[in-house]
Amino acid sequence: MIFRYTILYVDNVPASVDFFEKAFGFERAFLHESGDYGELVTGDTKLAFSSKALMRQLNKNPASPRPDAPTFEIAFETDDVVSALKRAVDAGATLVQDVRDEPWGQTTSYVADPNGYLIEICSAVRLPG
């Protein structure tokens, strides 16, 4: 078994795909002509978006995310957290936590996307060695 997708439920799939392309530099893999589903290339696991309208048609009732009370986060690892955070905020992300060096050997920052999803922008953990 492999971890294939993370799918975020959003009101506007094309706008969300555009935001993630601009904010994080991901490449668009697919956007359905209906505008109800799209995917970005992010490595081995795809980041996908499905419209809340489509989910309601499939008898699901997705809730809206809250960055102040998240139930999960997605994390993007980079060698340059400062530049990646600036790019995300310049593209319209909301700053949640500025760049911080953590005691476990990682640099972290947090933003919320325009839908309210919490996103960590971080470095790799540097294990003592």
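Residues numbered from 1 in each chain as written. Predicted model: local features only at pLDDT ≥ 70, side-chain atom pairs only at ≥ 80, totals over all residues. Heavy atoms only, no water.

**Q** Looking at this structure, I do not really get the packing of aromatic side chains. What am I missing?
**A** Centre-to-centre distance and the angle between the planes together describe a pair of aromatic rings. One pass over the structure, following the stated rule, counts 10 aromatic pairs. Centroid distance Phe20 to Phe76: 6.4 Å. Interplanar angle 85°. Geometry classified as edge-to-face. Pair noted here: Phe20 is in helix 1 (residues 13–24) and Phe76 is in strand 5 (residues 74–77), with a separation of 56 residues, a long-range link. On the basis of relative accessible area, Phe76 is assigned to the buried category, the value being 15%. An aromatic cluster is present here, built from Phe19, Phe20, Phe24, Phe26, Phe49 and Phe76 joined pairwise through their rings. (Phe/Tyr/Trp six-rings, centres within 6.5 Å; stacked < 30°, edge-to-face > 60°. Helix = DSSP H or I, 4+ residues; strand = E, 2+ residues; numbered from the N terminus. Buried < 20%, exposed > 50% of the residue type's maximum accessible area, 1.4 Å probe, protein only.)

**Q** Honestly, the layout of surface pockets in this entry has me stumped. Any pointers?
**A** To find leftover empty space, one rolls a probe the size of a water molecule over the atoms. There is about 330 Å³ of room inside the largest pocket. Phe26, Thr42, Ala75, Phe76 and Glu77 are, among the 18 residues lining the largest pocket, the residues nearest its centre. Among the elements that take part in the lining of the largest pocket, strand 5 stands out by supplying 4 residues, more than any other. The computed volume of the second largest pocket comes to approximately 220 Å³. Tallying contributions element by element places strand 1 (residues 5–10) first for the lining of the second largest pocket, with 3 residues. For the lining of the second largest pocket, a count of residues per class yields 12 nonpolar, 3 polar and 1 charged. (1 Å grid on protein atoms, 1.4 Å probe; cavity = no way out; pocket = protein on both sides within 12 Å on 5 of 7 lines; lining within 4 Å. Points joined across faces, edges and corners; volume = space filled by probe spheres on them. Nonpolar A, V, L, I, M, F, W, Y, C, P; charged D, E, K, R; others polar.)

**Q** It is not clear to me how the pattern of salt bridges should be interpreted in this structure. Could you clarify?
**A** All told, the structure shown has 7 salt bridges when counted by the stated rule. Here Asp18 and Arg28 are joined by a salt bridge, their closest N and O atoms 2.5 Å apart. You can see Asp18 sitting in helix 1 and its partner Arg28 sitting in strand 2 (residues 27–31), a full 10 residues away along the chain. Take Asp18: its relative accessible area is 30%, and that puts it in the partly exposed class. A relative accessible area of 31% means that Arg28 is categorised as partly exposed. (Salt bridge = Lys/Arg side-chain N within 4 Å of Asp/Glu carboxyl O.)

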